[in-house]
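# Residue-level structure breakdown
Listed below, chain by chain, are the residues.
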Amino acid sequence: MAAIPAVAPAPGLPPPSPPMEQPRRRRPCVLFSFAAARDRFLRHRFFSAGLRPFSVRLPSPAGTSTVVHLWAPPRPARRPVLLLHGFGASATWQWAPYLRSLLAAGLDPIVPDLLFFGSSSSTLPERSETFQARTIKAAMDGMGVRRFAVVGVSYGGFVGYRMAAMYPEAVERVVLVSSGVCLEEQDLAAGLFPVADVGEAAELLVPRRPAEVRRLVKLTFVRPPPVMPSYFLKDYINVMGSDHIQEKTELLFSLINERKLSDLPKIRQPTLIIWGEQDQVFPMELAHRLERHLGDNSRLVVVKNAGHAANIEKSKEVCKIIVDYFQEPDSSVSMGGRRGSSADGGKF
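Residues numbered from 1 in each chain as written. Predicted model: local features only at pLDDT ≥ 70, side-chain atom pairs only at ≥ 80, totals over all residues. Heavy atoms only, no water.

## Concerning the overall build of the protein chain
Helix and strand content of the protein chain: 13 helices and eleven strands. Here the contacts in the protein chain between residues at least 6 apart in sequence split such that 76% fall between residues at least 24 apart. Accessible surface, the protein chain as shown: approximately 14,900 Å² in total, 55% of it carbon and sulfur. (Helix = DSSP H or I, 4+ residues; strand = E, 2+ residues; numbered from the N terminus. Contact = heavy atoms within 4.5 Å. Areas by Shrake-Rupley, 256 points an atom, 1.4 Å probe, with all protein chains shown as cover.)

## Observations concerning the pairing of strand β5 (residues 108-112)
Here β5 lies mainly inside the structure; five of its five residues are buried. Alternating residues of β5 divide into Asp108, Ile110 and Pro112 and Pro109 and Val111, and every residue in both groups is buried. Strand direction decides the pairing type here: strand β4 (residues 80-84) and β5, joined by three bridges, are parallel. If you follow Val81 over to β5, its bridge partner there is Pro109. (Buried < 20%, exposed > 50% of the residue type's maximum accessible area, 1.4 Å probe, protein only. Pairing = 2+ DSSP bridges.)

## A word on the pattern of salt bridges
Under the counting rule described, the total for this entry stands at 16 salt bridges. With its nearest N and O atoms 3.3 Å apart, the salt bridge here joins Glu200 to Arg215. In this pair, Glu200 sits in helix α7 (residues 198-205) while Arg215 sits in helix α8 (residues 210-220), placing the two residues 15 residues apart along the sequence. Judged by its relative accessible area of 23%, Glu200 falls in the partly exposed class. Across the pair Glu285 and Arg292 runs a salt bridge whose closest N-O atoms are separated by 3.4 Å. Residue classification places Glu285 among the partly exposed residues on the basis of a relative accessible area of 32%. (Salt bridge = Lys/Arg side-chain N within 4 Å of Asp/Glu carboxyl O.)

## Structural notes on the nonpolar core
Among the nonpolar cores identified, the biggest contains 66 residues, and Leu82, Phe148 and Met163 are the most heavily contacted of them. At seven residues, helix α4 (residues 129-143) tops the list of elements feeding residues into this core. Discounting chain neighbours no more than four positions away, the residues touching Leu82 are Ile110, Pro112, Ile136, Met140, Phe148, Ala149, Val150, Val151 and Met163. (Core = buried A, V, L, I, M, F, W, Y, C linked by side-chain atoms within 4.5 Å.)

## Some thoughts on the environment of Val323
Looking at the secondary structure, you find Val323 in helix α13 (residues 315-327). For the pair formed by Val323 and Gly106, sequence separation is 217 residues and the distance between their alpha carbons is 9.5 Å. Each residue touching Val323, except ones within four places of it in the same chain, is listed here: Ser101, Leu102 and Ala105.

The following block contains the structure:
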């Protein structure tokens, strides 16, 4: 990506250095790894769609380092859309099915690994979604991208929402997919979620054993795979889920601990809320709570026969909803009180 212009840093962070080509991540040496093979395949899909991997190294206080890995078009973006992934593997595992449709619609996806996922990391002690938002914004500054839309899935929606609140001059529109930004810590004790406390949530979302992966898959998919051999699950954990376990656990504690709806800012950008009808991780109550919180500036679309992983098990429908939303004229983006639903292949 040539000729990166000089830009002002995001508040609280020094100016980033220009993006660098990202070296391939080292994987544990095994005779054959299904997870590593799939990771290579997904990277190839990003390359074939015209995106390239870069690293943006953000200057940090002495003795510390913060690096954001991302995929982006090699030329300046036309209509940039920042895609933020949720908990799980790297960004390639969650966004590969969306690239060609977004590009065909005239949208240029910029796809970072959030800190402590994929190849993004930091030695700074901060763990809040505010720190994630500030860091990703600094990386966008380093790319010379000043205005963009944000699409966030689950945890990525928390980061995207915070970016919209912190940088209203930069974030044009927001799409939140299965993202319970309106949750409160007291909801756990009240039984709204399948976990009773933050510690159990960390065991669920940062699995270390095959049994925990099985439980997570069964909660997030309406139709989970009928057979999940321990060999493949151990391989996935070793290859894609063994990095930054402590940091990811701390991210969850920071996200949920003492969280209150009264502390959540009300963003002003037009916001599309997409939710799986059978979401067991973030129940539909949170979708309606978020719609009420945002008021006329938001719209809720419910995807039928989908759970928390609607972006994966209904990727074509969710992608179409997102593309259609971004192709609407600015004057019609905010449609207060308008709701929709999406059946298999249906309109919303």
